[in-house]
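Architecture and fold: a report
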Amino acid sequence: MSEVFDGYERQFCELSANLSRQCTTASGFDGEQKKQKLSEIKAGLEDADTLIRKMDLEARSLQPSTKATLLAKLREYKTDLNNLKNEVKRISSTNVNTTSREELLELGRVDSLSVSNDQKGRLLMTTERLNQSTDRITNSRKTLLETEELGVSILQDLHQQRQSLLHAHTSLHGVDDNISKSKKILAAMSKRMSRNKWIVGSLMAALVLAIILILYFKLTH
C-alpha cells in the first residue's frame with residue numbers, strides 16, 4: 001500500500017465523520033445560524049473533494065494490483081461523499097423553503113400596508129437577479145470542477161509517459177553494457193588470434209631452418 005494514500009485516507013475519514021455530525025447539528029438550526037453552519041459544511045465538502053482527487057491520482061500511479069484495490073476503496077468514499085452532498089442539499093432546501101415562507105409572509109404584510117405596485121415589481125426583479133446570480137455561480141463551479149478533473153487526467157498521462165521513458169532508458173543502458181562486453185570479448189579474441197599467428201609463424205620458420213640444416217649436413221658429408 002501507499003503511505004501517501006493512507007495519509008489522505010485518514011484525513012478524509014476524519015473529515016467525513018465531522019461533516020456528518022455537522023449535518024445533524026445543522027438540521028436543528030434556523031435562520032442565520034443554519035446558513036453559517038451550511039457554509040462551514042460546504043467548505044468542508046470542498047476539502048473532501050480535494051482529498052478524493054489526491055487519492056485518485058496517487059492510486060493510479062501505483063502498481064496494477066495495488067491500484068485496483070485502492071480504486072475500489074475510493075469508489076466507496078466517493079459514494080459516501082455524494083451522500084453527504086445530497087444531505088446538505090436536503091438541509092439547504094429545507095432552509096430555502098423556510099426562507100420562502102418568511103418572504104411570503106413579509107410580502108403579505110407589505111400588501112396589507114398597501115405597498116405600491118412599483119415596489120412589488122422591484123422586489124420581483126431583485127429576486128430574479130439573485131436567482132440568475134446563483135445559476136451563474138453554480139455553472140462556474142461546475143466548469144472549475146471539470147477543469148480540475150482534466151488537470152488530474154493530464155498529470156496521470158504525464159506520469160505514465162515518464163515511467164515509459166525511464167523503462168526505455170534502463171533498456172538502452174543494458175544494451176550499452178552488452179555492446180561494451182562484446183567489444184571486450186572481440187578485442188581479446190583478436191589478440192589471441194594475433195598471438196597464435198606469431199606462434200605458428202615461429203614454428204614454421206623453425207621447421208624450415210631445421211630442414212635446411214638437415215639438407216646441408218647431408219650434402220656436406
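Structural data are supplied above this passage.
The structure reproduced in this document is the subject of the present report. Quick caveat: nothing in here was measured; it's all calculated off a predicted structure. Numbering of residues starts from 1 in each chain and follows the order in which that chain's sequence is written. Restriction of local features to residues with pLDDT of at least 70 applies here, the model being predicted, together with a cutoff of 80 or more for giving and counting side-chain atom pairs; totals for whole chains, interfaces and linings are based on all residues. Excluded from the side-chain calculations are hydrogens and water; all other atoms, namely the structure's heavy atoms, are used.

1. What about the nonpolar core?
Under the convention used in this document: Think of a nonpolar core as a cluster: buried Ala, Val, Leu, Ile, Met, Phe, Trp, Tyr and Cys residues, connected wherever their side-chain atoms sit within 4.5 Å. For each residue, the accessible area found with a 1.4 Å probe, counting protein chains only, is set against the maximum for its type, and the residue is called buried under 20%, exposed over 50%, and partly exposed in between. Elements are defined by DSSP. Helices are runs of H or I of four residues or more, strands are runs of E of two residues or more, and each kind is numbered from the N terminus. We call two residues contacting when some pair of their heavy atoms lies within 4.5 Å.
Membership of the largest hydrophobic core comes to 22 residues, with the highest contact counts inside it found for Phe-12, Ile-41, Leu-45, Ile-52 and Met-55. At the level of secondary structure, the elements contributing two or more residues to this core comprise helix H1 (3-27), helix H2 (31-60) and helix H3 (64-112). With sequence-adjacent residues up to four places away left out, Ile-52 is seen in contact with Phe-12, Leu-74, Tyr-77, Lys-78 and Leu-81.

2. What about the pattern of salt bridges?
Filter applied, for reference: Throughout this description, the term salt bridge denotes a Lys or Arg side-chain nitrogen within 4 Å of a carboxyl oxygen of Asp or Glu.
On inspection of all chains with the given rule, the structure shows six salt bridges. Measuring nitrogen to oxygen at the nearest pair gives 3.4 Å for the salt bridge that ties Lys-37 to Glu-40. You can see Lys-37 and its partner Glu-40 sitting in helix H2, three residues apart, about one turn around the helix. For Asp-49, the salt bridge is made with Lys-85, and the minimal N-O distance between the two is 3.1 Å.

3. Looking at the environment of Glu-9
Note that Glu-9 resides in helix H1. The buried category is assigned to Glu-9, whose relative accessible area is 12%. In the structure, Glu-9 is positioned 65 residues away from Leu-74 in sequence and 9.0 Å away in space, judged by C-alpha atoms. If near-sequence neighbours (up to four positions away) are discounted, Glu-9 is found in contact with Met-55, Lys-73 and Tyr-77.

Spatial relationships are all this shows, so hold off on functional conclusions.
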